[in-house]
Amino acid sequence: NAGVTQTPKFRVLKTGQSMTLLCAQDMNHEYMYWYRQDPGMGLRLIHYSVGEGTTAKGEVPDGYNVSRLKKQNFLLGLESAAPSQTSVYFCASSPEQGNNQPQHFGDGTRLSIL
Amino acid sequence: AQSVTQLGSHVSVSEGALVLLRCNYSSSVPPYLFWYVQYPNQGLQLLLKYTSAATLVKGINGFEAEFKKSETSFHLTKPSAHMSDAAEYFCAVSATFSGGYNKLIFGAGTRLAVHP
């Protein structure tokens, strides 16, 4: 059972470079999320999607873009990477709306911006 | 607005001792609460969730949590710690976006160390 798969697992970028993080889920979930995790700050929501073709901003969206062209994939893009974007990025998904629905997480992408 | 506070960024216990990880929440509506665990270099795994059915919630790996409305708390406990419990634990409350969609608000996390 793959669940939520994130690629790549590690990446080092130079300031100003661009890249795309890929998240794929095989559970047919409608909702998908991108978080960043920084020491002492828990997880903060960057962007989310409530279905194919939809995206919306979370708490910390600046410097990131997302796309959800297919239901199973949610892409996170950094157009011009900055050192402040050094973080661990997690993708998550949930099956349907409802405050009692837990989210299922991938193993994360560790991104360093030099 | 909903929020979560985890008291203690680091907790250390001996193997076999009681584990107590503290979580207090703030919510203007009846909350849905979750505990997640994160092992090194892995994503978050759901330990347990509170959805108002019962105040004492049992989760995986022998963990449980008790919802106390009067104290706005949802502390996580395990009677006897095992070395494999060493991880980071996150408490989260579910909140609603404008537009009616739910999201999770996480606490800062508590790193649990278990020593022989």
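These figures come from a predicted structure and were not determined experimentally.

Definitions and limits used
- Residues numbered from 1 in each chain as written.
- Chains lettered and ligands numbered in written order.
- Predicted model: local features only at pLDDT ≥ 70, side-chain atom pairs only at ≥ 80, totals over all residues.
- Heavy atoms only, no water.
- Disulfide = S-S within 2.5 Å.
- Helix = DSSP H or I, 4+ residues; strand = E, 2+ residues; numbered from the N terminus.
- Buried < 20%, exposed > 50% of the residue type's maximum accessible area, 1.4 Å probe, protein only.
- Pairing = 2+ DSSP bridges.

Visitor: I would appreciate a short explanation of the state of the cysteines in the present structure.
Guide: Scanning the entire structure with this criterion turns up two disulfides over all chains. Here A:Cys23 pairs with A:Cys91 through a disulfide, and the sulfurs are 1.9 Å apart. Between A:Cys23 and A:Cys91, the disulfide has an S-S torsion of -75° and is therefore left-handed. Here A:Cys23 is found in strand S3 (residues 19-25), whereas its partner A:Cys91 is found in strand S9 (residues 87-94), with 68 residues between them in sequence. Across the pair, exposure class does not vary: A:Cys23 and A:Cys91 are buried alike. Note that B:Cys23 is cross-linked by a disulfide to B:Cys91, the S-S spacing being 2.0 Å. Taking the sign of the S-S torsion, -60° for the link of B:Cys23 and B:Cys91, the bridge is left-handed. On the criterion of sequence distance, the pair formed by B:Cys23 in strand S3 (residues 19-26) and B:Cys91 in strand S9 (residues 87-96) is long-range, its members being 68 residues apart.

Visitor: I would appreciate a short explanation of the pairing of strand S8 (residues 73-78) of chain A in the present structure.
Guide: Within a regular strand, side chains alternate between the sheet's two faces. Residue and element names in this part refer to chain A. As paired strands, S3 and S8 are joined by six bridges and run antiparallel to one another. From the neighbouring strand, Met19 faces S8, where its bridge partner is Leu78. Across four bridges, the pairing between strand S7 (residues 64-67) and S8 is antiparallel. The residue of S8 that forms the bridge with Tyr64 is Leu78. The antiparallel pairing of S7 with S8 creates a hairpin that spans five residues between the two strands.

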